[in-house]
Amino acid sequence: MRAVVYHRYGGPEQLRMADVPRPVPSSGQVLVRIRSTSVNLSDWECLTGSPAYARLGGVWRPARRTLGSDIAGVVDAVGPGVTHLRPGDEVYGDNLALKGGFAEYALAPASALAPKPAGLDFVSASTIPQAGAIAVQGTERVRPGARVLINGAGGGSGSFAIQLAKRRGAHVTAVDNGSKQDFMRSVGADEVIDYEREDFTRAARPYDLVLDLVAHRSVLAYRRALAPGGTYRCVGGSVGTLLRVLTLGAVIGAASGRSLGVLAVKQGPAAFEPLGALVTNGEVAAHVDRTFTLDEVPEALAHVGQRRALGKVVVVVS
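For clarity, every value in this text was computed on a predicted model and none was experimentally measured.

J.: It is not clear to me how the packing of aromatic side chains should be interpreted in this structure. Could you clarify?
T.: The geometry of an aromatic ring pair is captured by the separation of the ring centres together with the interplanar angle, meaning the angle of the planes. According to the stated counting rule, one finds two aromatic pairs in the structure shown. Taking 5.0 Å as the distance between ring centres and 70° as the angle between the ring planes, the aromatic pair formed by Tyr-92 and Phe-272 counts as edge-to-face. A residue pair is termed long-range when its members are at least 10 positions apart, and Tyr-92 in strand 5 (residues 90–94) and Phe-272 in helix 8 (residues 269–280) qualify at 180 residues. By the burial criterion, Tyr-92 is buried, and Phe-272 matches it.

The structure is reproduced here in structure tokens:
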């Protein structure tokens, strides 16, 4: 089969197309014929090996030679012990443990996959699992009338989070670079901020919830952005920032009547199927900026890594 592989950390120039053996599913696994795989910022991080947590399992060289975790496709074969899926089933899921979605076939744990709704196309389905799980869990505490800020809102998780927070009755402020302002308004943001021109932590009115998808500021700045009783949760960012939020954030938050912490994202179908149903029913939109072919995976990763994507980017495998 054809697969896009890499053998050392670096930029898109490290990626190349290769003919590799088609894998065989072992116990509890499924072989999926890939129809589409969406690109996440985590793919870029695993390609470059930065931040440091992207090297877990492979400090000097990548542990998985083919990237791509958010997959949608058709079951080709099942391993021993798999009873709820069979060849021909259309599925989608976040294959974060094994990756391999930038290829014609990929192995995935059966437990990571859900049946794809009939009304959901493969491209849209592949946008949901990882980005959707983050957005759903990051907004689940939102109450009607709450002031919510989403930092890094112009990408996949952010565009879902804007819509979910608005469904819960929040006033949403979205933060990203200047090229994404109109896009964030189009998906429902009440206010938008260009982070190159304005520091959202110095807003005139603080926020009840800050969902930070690209954390890199100080804990004191995040505390300043919160209203009394407010909540700050980050997912993604520099290792130093995440560690400070986990340690100093807990102390400063408790002392000031606020909650600062890292969003521990649950994985698996239960985490993303509710959003899949909303997208299928047309209640939430999956925004796809661009699609690329398997041969264009380097360009797709660069588009996401350079923070140019409006919503999601998807690799379509013919």
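J.: Would you mind showing me how to read the nonpolar core here?
T.: Note on soluble globular proteins: their nonpolar side chains tend to be buried together. Ile-150, Phe-160 and Ile-162 are the most contacted members of the largest nonpolar core, which has 40 residues in total. Among the elements that line this core, the one with the most residues is helix 4 (residues 156–167), at five residues. The residues contacting Ile-150, other than those within four sequence positions of it, are Gly-158, Ala-161, Ile-162, Val-172, Thr-173, Ala-174, Val-175, Leu-211 and Leu-213. Ile-34, Cys-46, Ala-106 and Val-304 belong to the second-largest nonpolar core, a separate cluster that totals 32 residues.

J.: Explain the pattern of salt bridges to me, please; I cannot follow it from the model alone.
T.: A pair can form between side chains of opposite charge whenever their charged atoms are brought close. This model, assessed by the stated rule, comprises nine salt bridges. Its salt-bridge partner being Glu-90, residue Lys-116 comes within 3.2 Å of it at the nearest N-O pair. With Lys-116 in the loop between strand 7 (113–115) and helix 2 (122–126) and Glu-90 in strand 5, the pair connects residues that are 26 residues apart, well separated along the chain. In this structure Glu-90 comes out as partly exposed when scored by relative accessible area, which is 34%. A salt bridge links Asp-194 to Arg-197; the shortest N-O distance between them is 3.6 Å. Look at Asp-194 and you get buried, because its relative accessible area is 12%. On the accessibility criterion, Arg-197 (75% relative accessible area) is exposed. Linked through salt bridges whose partners overlap, the residues forming this network are Asp-199, Arg-202 and Arg-217.

J.: Which parts of the structure should I look at to understand the side chain of Asp-43?
T.: Position of Asp-43 relative to the elements: it lies in helix 1 (residues 41–48). Despite its burial, Asp-43 remains without a salt bridge, the nearest opposite charge being carried by Lys-99 at 6.8 Å. A distance of 3.2 Å separates a polar atom in the side chain of Asp-43 from the backbone nitrogen of Gly-68.

J.: What is the right way to read the packing of helix 4 against helix 8 from this model?
T.: In helix packing, the relevant descriptors are the interaxial angle and the interaxial distance, both defined with respect to the helix axes. Where helix 4 meets helix 8, the closest approach of the two axes is 13 Å, and the angle between their N-to-C directions is 85°. When the interaxial angle is binned, helix 4 and helix 8 end up roughly perpendicular. Where helix 4 abuts helix 8, its residues Phe-160, Leu-164 and Arg-167 lie against Leu-275, Leu-278 and Val-279. In terms of residue class, the contact of helix 4 with helix 8 is made up of five nonpolar, no polar and one charged.

J.: I would appreciate a short explanation of unusual backbone geometry in the present structure.
T.: Among all residues save glycine, negative phi is the norm, and among peptide bonds the norm is trans. The peptide bond linking Ser-50 to Pro-51 adopts the cis configuration, its omega dihedral lying at 0°. By the secondary structure assignment, Pro-51 is in the loop between helix 1 and strand 4 (70–78). For Lys-99, which is not glycine, the phi torsion reads 55° and is therefore positive. Note that Lys-99 resides in the loop between strand 5 and strand 6 (105–109). Of note in this structure, Arg-307 is not a glycine but carries a positive phi near 60°. Under the relative-accessibility criterion, Arg-307 is labelled partly exposed at 39%.

J.: Help me out: how do you make sense of helix 8 in this one?
T.: Think of an α-helix as turning once every 3.6 residues; residues three or four places apart then point the same way. For helix 8, with 12 residues, the first-to-last C-alpha span of 15 Å sits near the 16 Å given by 1.5 Å per residue. Within helix 8, the full set of buried residues consists of Pro-269, Ala-271, Phe-272, Leu-275, Gly-276, Leu-278 and Val-279. Where the residues of helix 8 are buried, they touch strand 5, strand 7, helix 3 (129–139) and helix 4. Of the residues one or two after helix 8, Gly-282 is the one with positive phi, at around 80°.

J.: Looking at this structure, how should I read the sheet that holds strand 13 (residues 259–262)?
T.: Remark on secondary structure: sheet strands pair via backbone hydrogen bonds, oriented parallel or antiparallel. The six strands are arranged 10-9-8-11-12-13 in an open sheet whose pairing can be described as parallel. Unpaired on one side and paired on the other, strand 10 (191–194) and strand 13 mark the two borders of the sheet. With strand direction ignored, the average angle separating the axes of adjacent strands in the sheet is 15°. In terms of strand pairing, strand 9 (residues 171–176) meets strand 10 through four bridges, oriented parallel. The residue bridging Val-175 from the neighbouring strand is Ile-193, located in strand 10. Lying over the sheet, helix 7 (residues 239–256) contacts strand 12 (226–234) and strand 13, oriented at roughly 160° with respect to strand 13.

Calculation notes
Residues numbered from 1 in each chain as written. Predicted model: local features only at pLDDT ≥ 70, side-chain atom pairs only at ≥ 80, totals over all residues. Heavy atoms only, no water. Phe/Tyr/Trp six-rings, centres within 6.5 Å; stacked < 30°, edge-to-face > 60°. Helix = DSSP H or I, 4+ residues; strand = E, 2+ residues; numbered from the N terminus. Buried < 20%, exposed > 50% of the residue type's maximum accessible area, 1.4 Å probe, protein only. Core = buried A, V, L, I, M, F, W, Y, C linked by side-chain atoms within 4.5 Å. Contact = heavy atoms within 4.5 Å. Salt bridge = Lys/Arg side-chain N within 4 Å of Asp/Glu carboxyl O. Lys, Arg positive; Asp, Glu negative; His and termini not counted. Polar contact = N/O pair within 3.5 Å; in protein donor to acceptor, adjacent residues only side chain to side chain. Axes fitted to C-alpha atoms, helices over the stretch in contact; angles between N-to-C directions. Parallel < 35°, antiparallel > 145°, perpendicular 65-115°, else oblique. Nonpolar A, V, L, I, M, F, W, Y, C, P; charged D, E, K, R; others polar. Expected span 1.5 Å × (residues − 1). Pairing = 2+ DSSP bridges.

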